[in-house]
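# Structural overview for review
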Amino acid sequence: MATVDAPITLATGADELAPPLTFRQMAWRRFRRHRMAMAGAVILILLFVYAFGGGLIFTAERANFTDTSARLQGPSAAHPFGTDTVGRDVLARTIQGGRISLMIGLMAAVLEIVIGVVVGAVAGYYGGIVDSLLMRLTEAMLIIPSLFLLIVAARLVGGSVTWIIIIFALTSWMYVARIVRAEFLSLKENEFILAARSIGTPTSQIIFRHILPNSMAPIVVSATLAVATAILSEAYISFLGMGVQPPTATWGNMLDGSYNYIESAPWLWIFPGLLILLTVLSINFVGDGLRDALDPRSRNV
Amino acid sequence: MTASSSRPTAAPRPLLLDIRNLQVRFHTPEGTVYAVNDISYKVHEGEVIAVVGESGCGKSVSMMAVLGLIPRPPGEIAGGEALFMGRDLLRLPEDDMQSIRGGDIAMVFQDPMTSLNPVLSVRRQMTESLRRHANMSPEQARDRAIELLELVGIPDAARRLGDYPHQFSGGMRQRVMIAMMLACNPSLLIADEPTTALDVTIQAQIVELVTRMREKLGMALIWITHDLGVVAGLAERVIVMYAGMIVEEADVDSLFDQPRHPYTLALLGALPRIDRRRDSRLNSIPGAPPNLLVEPRGCPFAPRCEYVIDHCRVERPPLMAVSPTQWSACWVMAGGEGNYELGIRN
């Protein structure tokens, strides 16, 4: 437990002082010490390499190549993850599907965070009527069961990836907005905000440069969790046949196709299911580690 | 402490800030708080004014009102004007206020531990106002920031610039704050109890620093405090506030030699003295400040005053001149015939 009140002197007899650690360096140190988070981060990187690097070898063409003479074959040298109902290579499909699933997760999370932060920041900073209106809107969105909303919306706009990303963002920004609002409500009362105003800082700068960086930790944590949630949601609605439409593969719609073969051809669901599990689990661990690492108030190095 | 002889003689200096009949109220669920009631005073260029009074007497609120930093609602400027270089700050649009705050008028706050943003480096916070008000390039702003940090006595300024607030001690942070506020050569610096959160030796250093900076840069200074010891060493003129009103205004020597308001007298009496017996109790003023939820009637100090007369409870005393440099709002100590001839304010 060393607090960094003074720069650390090098013990090696060097005359110069060691440069003090920046916030980023300190956060990185704390993150590195979080074992599960580090493991999660490594697995996540491997999954990205798997999906995006593997996609260079196992192209979309190969993933969609049907060979009806080789239907429902178990794992073998030619098809390490087996083949599906129309003889497509499951390995190639998990790779191509991973690209889509991960992209949906990331993009939906980014969009969701943007909407949530703007709504939450405006509501929290201005307060009063603006806050009441925005929060009632948020609550109205929250009380609609989100799976139901997702299915109806997906049905309306069809199974394009772009629309699915937009729908996910529109149905899940409320949680972020609430967190950000709560952060802003308390942070705006700080004396440093008054000090910033007293040197003539405009409102937009106060919101985005002074308050937002202070609420970064919960935002980053909800962003990581949002990626996980979006990947899961994609799996839900694809399983129900409302998500991204075949032949484009996603981990979710691969599960859908395997429903009738749970016992007879378990490789159909084991591999995409395992990938979803690994992704969501490691994202959650990373989120956990980030929460500890990014808290500017925890000064353990 | 600076000797009183080093202060500039009271030659007529141009008027900088003219506060007239300022009234601030807060509308709370419990009712309306009458925070500042009809205060008027003038600040001349290069002048050092101390505003003293106990907590909640409206010292800070009146200054924040002048800078447009009162949240509205629940705050309300119920009346008055604050003329700064001929412009009424109370009615200036927010955009114009933003160029005045941190430019012409700067304010240092009480607690240096909380008035710097913990997640931004000192460099980012310092260069912010330089780039905005002085239109400097990032490099110019950086050089100026280093210069300012050196000026306020931060050793190894160039290297400390990239540090974060938690890497500075309390006194250092207050120095950084002062450097930030001096960045654009303000003509008026408002210091809102800048030493209360610091320990005594550091307090003296900060007082000394501000005095030195003021002499160097020639700005006017309003020092809000409840520490009369600081006032004696620093101020030319003192304004004593009580319950949102000015009860006495005087040059510093008159105030300490011949206080003309019972509240000032009581404050001075409550000051611990080094020549008093060690086992004697510290004097205190009996009672508590009035509830500002009630619209004031009569003299607000009457319930705690030793000299109270019936008239005090009926009519609020205006600020009456007792000498050309001293004004008091007391029927007993300043209410004589001669004083009326000298003048009444408010």
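Here the structure is a predicted model, which is why all the values come from computation and not from measurement. (Residues numbered from 1 in each chain as written. Chains lettered and ligands numbered in written order. Predicted model: local features only at pLDDT ≥ 70, side-chain atom pairs only at ≥ 80, totals over all residues.)

This paragraph deals with the overall build of chain B. A count of helices and strands for chain B gives 13 helices and 13 strands. The C-alpha atoms of chain B give 21 Å as radius of gyration, which agrees with the globular expectation for 346 residues (20 Å, within 12%). Projected onto the principal axes, the alpha-carbon positions of chain B cover approximately 65 × 50 × 45 Å. Within the span of chain B, comprising 346 residues, buried residues form 47% of the whole. Counting only contacts in chain B whose residues sit at least 6 apart along the sequence, the fraction spanning at least 24 positions is 65%. (Helix = DSSP H or I, 4+ residues; strand = E, 2+ residues; numbered from the N terminus. Rg over C-alpha atoms; globule rule 2.2 N^0.38 Å. Buried ≥ 20, exposed ≤ 12 C-beta atoms within 10 Å, placed from the backbone. Contact = placed C-beta atoms within 7 Å.)

Another aspect to go through is the overall build of chain A. When you go through chain A residue by residue, the secondary structure sums to twelve helices and zero strands. Considering only C-alpha atoms, chain A reaches an extent of 75 × 60 × 30 Å along its principal axes. Here chain A holds 301 residues, and the buried ones make up 40% of them. For chain A, restricting intrachain contacts to residue pairs at least 6 apart in sequence, the fraction spanning at least 24 positions comes to 70%.

A few words on the environment of Asp253(B). Residues and elements named next belong to chain B. Following the sequence through the fold, Asp 253 ends up in helix 9 (residues 252-257). Under the C-beta neighbour-count criterion, Asp 253 is labelled partly exposed, with 14 such atoms within 10 Å. Spatially, the C-alpha atom of Asp 253 lies 9.7 Å from that of Ala 235, the residues being 18 residues apart in sequence.

Here we come to the sheet that holds strand 1 (residues 15-28) of chain B. Residues and elements named next belong to chain B. Strand order in the open sheet formed by four strands is 2-1-4-5, with antiparallel pairing between adjacent strands. Because the sheet does not close on itself, it has two edges, and the strands there are strand 2 (31-44) and strand 5 (87-88). In this sheet, strand 4 (residues 75-84) lies alongside strand 1 in antiparallel orientation, the contact comprising eight bridges. When the bridges of strand 4 are listed, Asp 18 appears paired with Leu 83. Seen against the sheet, helix 1 (residues 59-66) touches strand 1, strand 2 and strand 4 and runs at an angle of roughly 110° to strand 1. (Pairing = 2+ DSSP bridges. Axes fitted to C-alpha atoms, helices over the stretch in contact; angles between N-to-C directions.)

When glycine is set aside, most residues are seen to have a negative phi, and most peptide bonds are trans. Residue and element names in this part refer to chain B. Notably, Asp 38 is not glycine yet its phi reads approximately 60°, a positive angle. If you trace the backbone, Asp 38 turns up in strand 2. Positive phi, normally seen in glycine, also occurs at Asp 156, with a value near 55°. Mapped onto the fold, Asp 156 is located in the loop between helix 4 (138-151) and helix 5 (157-160).

Let us now look at the confidence of the model for chain A. Looking at chain A as a whole, its pLDDT mean stands at 82, while 90% of the residues score no less than 70. In the predicted structure, residues 6-16 of chain A sits below a pLDDT of 50 and forms seven contacts with residues beyond four places in sequence or in another chain. (pLDDT = per-residue confidence, 0-100.)

The next point concerns the nonpolar core. The biggest cluster of nonpolar side chains holds 178 residues, and the ones touching the most others in it are Ala179(B), Met181(B), Leu188(B), Ile222(B) and Val238(B). Counting residues per element, this core draws most heavily on helix 4 (residues 90-126) of chain A, which supplies 15 residues. When near neighbours in sequence (up to four residues on either side) are disregarded, Val238(B) contacts Ala50(B), Val52(B), Val231(B), Ala250(B), Val252(B) and Leu255(B). (Core = buried A, V, L, I, M, F, W, Y, C linked by C-beta atoms within 7 Å.)

The next point concerns the packing of helix 3 (residues 122-133) of chain B against helix 4 of chain B. All names here are of chain B. Where helix 3 meets helix 4, the closest approach of the two axes is 9 Å, and the angle between their N-to-C directions is 115°. When the axis of helix 3 is compared with that of helix 4, the two are roughly perpendicular. Relative to helix 4, the crossing made by helix 3 is right-handed. Together, Arg 123, Met 126, Thr 127, Leu 130 and Arg 131 of helix 3 and Pro 138, Ala 141, Arg 142, Arg 144, Ala 145 and Leu 148 of helix 4 make up the contact between the two elements. Here the residues of the contact of helix 3 with helix 4 are counted per class, giving six nonpolar, one polar and four charged. (Parallel < 35°, antiparallel > 145°, perpendicular 65-115°, else oblique. Left-handed = near helix turned anticlockwise from the far one by under 90°. Nonpolar A, V, L, I, M, F, W, Y, C, P; charged D, E, K, R; others polar.)

A few words now on the interface of chain A and chain B. Facing 20 residues of chain A, the contacting portion of chain B comprises 28 residues. If one sorts the elements of the side of chain A that touches chain B by residue count, helix 8 (residues 191-198) of chain A sits on top with six residues. By residue class, the composition of the side of chain A that touches chain B is ten nonpolar, six polar and four charged.

Right, let's get into the confidence of the model for chain B. Fine structural detail should not be taken from predicted coordinates in areas where pLDDT scores are low. Residue and element names in this part refer to chain B. Mean pLDDT for chain B: 81, with 91% of residues reaching 70 or above. A low-confidence stretch, residues 1-9 stays under pLDDT 50, and its non-local contacts, those more than four residues away or across chains, total six contacts. The ipTM, which scores confidence in the relative placement of chains, is 0.71 for this predicted complex, and the corresponding pTM is 0.73.

All names here are of chain B. Summarising burial for strand 10 (residues 245-251): six of the seven residues are buried, a large majority. Pairing between strand 9 (residues 237-242) and strand 10: six bridges, direction antiparallel. Bridged to Val 240 within strand 10 is Glu 248.

So, about the environment of Pro186(B). Residue and element names in this part refer to chain B. Along the chain, Pro 186 turns up in the loop between helix 6 (170-182) and strand 7 (188-192). The spatial distance from the C-alpha of Pro 186 to the C-alpha of Asn 37 is 28 Å, given a sequence separation of 149 residues. If sequence neighbours within four positions are ignored, Pro 186 has contacts with Gly 103, Asp 104, Ile 105, Ala 106, Met 181 and Met 219.

Residues and elements named next belong to chain B. Turning to its location among the elements, Gly 86 is positioned in the loop between strand 4 and strand 5. The class for Gly 86 is exposed, based on 7 C-beta atoms found within 10 Å. Here the alpha-carbon distance between Gly 86 and Gln 167, two residues 81 residues apart in the chain, equals 42 Å.

Here helix 7 (residues 161-187) of chain A contains 27 residues, and its C-alpha end-to-end distance of 37 Å stays within 8% of the 39 Å for a straight helix at 1.5 Å per residue. The sharpest bend along helix 7 of chain A reaches about 45° and sits at Ser172(A). (Expected span 1.5 Å × (residues − 1). Bend = angle between axes of the 7 residues up to and from the residue.)

Another aspect to go through is the pairing of strand 8 (residues 220-225) of chain B. Residues and elements named next belong to chain B. Counting buried positions over the six residues of strand 8 gives six, a clear majority of the element. Because side chains alternate across strand 8, one face comprises the buried residues Ala 220, Ile 222 and Ile 224, and the other comprises Leu 221, Trp 223 and Thr 225, equally buried. The sheet contact formed by strand 3 (residues 48-52) and strand 8 spans five bridges and is parallel. Counted as the bridge partner of Ala 50 is Trp 223 from strand 8. Bridging between strand 7 and strand 8 involves five bridges; their strand directions are parallel. Its bridge partner lying in strand 8, Ile 190 is registered against Ile 222. Each parallel crossover has a hand, and for strand 7 linked through helix 7 (residues 200-217) to strand 8 it is right-handed. (Right-handed = clockwise from strand over helix to strand, strands pointing away.)

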